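Okay, here's what each chain looks like letter by letter:
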Amino acid sequence: MSSANTKETTTTGSAGDAFVKNEAGSGQQPAQLSPFVYWSQTKQTLQLKVDLKDAKGAIADFSPASLAFSARGHGARGVNAYKFDLRFYALIDDEDASFVVTDNKIELNIRKMEPAWWPRLVATPQKPHWLKIDFDRWRTEDDVELEETPRDIRQDYEKEYNSLQKQELGYIKEKTKKVYMIFYNLAMFVGYLYIVCVMGILYYRDGPDSISKTYANVGNAFKFVQLLQYLEVMHPLFGYTKGSPLVPFFQVSGRNFILFLMIEAETRMYTKPVVFYVFIIWSLVELVRYPYYLSQLLGRELGLLTWLRYTIWIPLYPMGIVCEGIIVLRSIPYIEETKRFTVEMPNKWNITFDMVLFLKVYLLLLTLPGSYLVMSHMSKLRAKKLGRNRNRSKRRHVD
């Protein structure tokens, strides 16, 4: 980069690539390359075709209003890293969006939130020069004039508005919800990081002898962050996040069932080595999940972090399920002995409840349908965010 006294100007190449050129004549360096993107629509869906051959590391980050895409492949400027950002004309169903990588292109399939014909793809009247119409697939509404609905110009020109706001105020005003979500995810990350650091330092100092003291050292901190996770059940209810509150409710309740009923309620479980391992597994998952959420809130797309978010579960989830199953198995003899949580007749409610039988059924559901549902759900999310298996896509393309 040139010295502080050297002025810089920006020019745009034919394929959406920006070049920084200094007046000292030091040549041009590519700042960002954008591939050609061809789009078409039906009343319910959008189809985008990214003109990249032999693409690798494709990442498509969908949100209800935007798309951030990056990949490395052979495009208009040769073999390079390409990326682009789109803010859609209207909302999309980002949960149902997906993409497929083939030898010659990348196809993105998107469903509109509300069935309607869009006058254009992007929010702003000015479209990027690398965005083209896919005439081979183009469909339009016959004999109906597409009219634009009134729009908030601050959303259509979000970057320009934020830049102007920062120049006038010195900072960018953020919505209260976004500020809260940033602090929440940051606090949860710090909490789990504290737990992992304490466990790591104690293990470094005391070796394997520290394993039996795990619950005594970090048990209270773990209970605190696990109870805080119930806020994630409330977030969808108040519109802070999208999705159903049932998914976080069952996930958080499943962990807290193990933590409070199987471990906390039985002091003899405190020193079991499996507690150390389950704490490590749970914490590693969250040490990736919360930074990923933070990056999304801050509008920073980090390829490695996205890959970790949708890949680290592959080894950790099965290990976590095994550890949780071991904890349940180790707890059954203690519950048989103490009759804890068991309700026997006669009683004023005139009911009976066998906790041991419940745990056996719970263990059966956890290991068979439970693990399958969790793994298949994460597999679908990974396919949507990182793309389906490349070789499988090639075979379908050849056939």
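Quick summary incoming for the structure in this document.

What counts, and where the lines are drawn
Residues numbered from 1 in each chain as written. Predicted model: local features only at pLDDT ≥ 70, side-chain atom pairs only at ≥ 80, totals over all residues. Heavy atoms only, no water. Core = buried A, V, L, I, M, F, W, Y, C linked by side-chain atoms within 4.5 Å. Buried < 20%, exposed > 50% of the residue type's maximum accessible area, 1.4 Å probe, protein only. Helix = DSSP H or I, 4+ residues; strand = E, 2+ residues; numbered from the N terminus. Contact = heavy atoms within 4.5 Å. Pairing = 2+ DSSP bridges. Axes fitted to C-alpha atoms, helices over the stretch in contact; angles between N-to-C directions. Phe/Tyr/Trp six-rings, centres within 6.5 Å; stacked < 30°, edge-to-face > 60°. Lys NZ or Arg CZ within 6 Å of the ring centre and 35° of its normal. Salt bridge = Lys/Arg side-chain N within 4 Å of Asp/Glu carboxyl O. Expected span 1.5 Å × (residues − 1). Bend = angle between axes of the 7 residues up to and from the residue.

Re the nonpolar core
Across soluble globular proteins, you tend to see nonpolar side chains buried next to one another. Core analysis: the biggest nonpolar cluster contains 43 residues, and Y192, I258, M262, F279, I327 and L359 have the highest contact counts within it. Listed by contribution, the elements that provide at least two residues to this core are helix 3 (176-206), helix 4 (214-228), helix 6 (246-264), helix 7 (273-297), helix 9 (313-338) and helix 10 (355-386). Of all the elements, helix 7 adds the most residues to this core, at ten residues. Core analysis: the next-biggest nonpolar cluster, separate from the first, contains 32 residues, L67, L108, L121 and W130 among them.

Concerning the environment of V122
The residue V122 is located in the loop between strand 10 (106-111) and strand 11 (131-133) in this model. Assessed through its relative accessible area of 5%, V122 is described here as buried. Taking the C-alpha atoms as reference points, V122 and L86, separated by 36 residues in sequence, lie 6.5 Å from one another. Aside from chain neighbours lying at most four places away, what touches V122 is L86, R87, F88, Y89, K127, P128 and L131.

Overview of the sheet that holds strand 6 (residues 53-62)
Two pairing modes exist for strands in a sheet, parallel and antiparallel, and in both the strands are linked by backbone hydrogen bonds. Taking strand neighbours across the sheet as the criterion, the three strands line up as 6-7-8 in an open arrangement whose pairing is antiparallel. At either end of the open sheet lies a strand with only one pairing partner, and these are strand 6 and strand 8 (78-87). The sheet shows a mean angle of 10° between the axes of neighbouring strands, taken without regard to direction. With ten bridges connecting them, strand 7 (residues 66-75) and strand 8 associate as antiparallel partners. Looking at the pairing, G73 lines up with N80 of strand 8.

Brief notes about the packing of aromatic side chains
The full count for this structure, using the stated rule, is 25 aromatic pairs. Residues F88 and W118 carry aromatic rings whose centres are separated by 6.4 Å and whose planes lie at 55° to one another, so their mutual orientation is tilted. You can see F88 sitting in the loop between strand 8 and strand 9 (98-101) and its partner W118 sitting in the loop between strand 10 and strand 11, a full 30 residues away along the chain. Measuring from centroid to centroid gives 5.5 Å for F249 and F250, while their planes differ by 70°, and the two rings are edge-to-face. Given a relative accessible area of 36%, F249 falls into the partly exposed group. Here the guanidinium or amino end of K49 rests over the ring plane of Y38, the centre of that ring lying 5.4 Å away. Taking the ring centre of Y290 as reference, the NZ or CZ of R289 above it sits at 4.5 Å.

A closer look at the pattern of salt bridges
A side chain of one charge can pair with a side chain of the opposite charge when the charged atoms of the two come close. Applying the stated criterion across every chain, the model contains twelve salt bridges. Salt bridges here are not isolated pairs; linked through shared partners, they connect E232, R255, E286 and R289.

Topic: helix 7
A rise of 1.5 Å per residue sets the reference length of helix 7, with its 25 residues, at 36 Å; its end C-alpha atoms lie 37 Å apart and thus fit the reference within 8%. Burial runs high along helix 7: 18 of the 25 residues are buried. A positive phi of about 70° marks G299, the residue just after helix 7.

Regarding the sheet that holds strand 4 (residues 37-41)
In spatial order, the strands read 9-10-5-4-11; together these five strands make up an open sheet with mixed pairing. Across the chains shown, the open sheet's two edge strands, defined by having one partner strand only, are strand 9 and strand 11. In this sheet, neighbouring strand axes are inclined to one another by 25° on average, regardless of whether the strands run parallel or antiparallel. Two elements, strand 9 and strand 10, share four bridges in a ladder whose sense is antiparallel. If you follow S98 over to strand 10, its bridge partner there is N109.

A short note on helix 6
In the structure, helix 6 departs most strongly from a straight axis at N256, where the bend amounts to approximately 25°. If you follow the buried residues of helix 6, they end up packed against helix 3, helix 4, helix 5 (231-237), helix 7, helix 9 and helix 10.

Observations regarding the pairing of strand 7
The element strand 7 is extensively covered by neighbouring structure, given that seven of its ten residues are classed as buried. In the sheet, strand 6 pairs with strand 7 via six bridges, with the strands oriented antiparallel. Each bridged residue has a counterpart across the sheet, and for K53 the counterpart in strand 7 is H74. Following strand 6, the chain reverses through three residues before pairing antiparallel with strand 7. Linking strand 7 to strand 8, which pair antiparallel, is a turn of two residues.

Some remarks on the environment of D136
By the element assignment, D136 lies in the loop between strand 11 and helix 1 (153-156). Between the alpha carbons of D136 and W39 there is a distance of 9.9 Å; along the sequence they are 97 residues apart.

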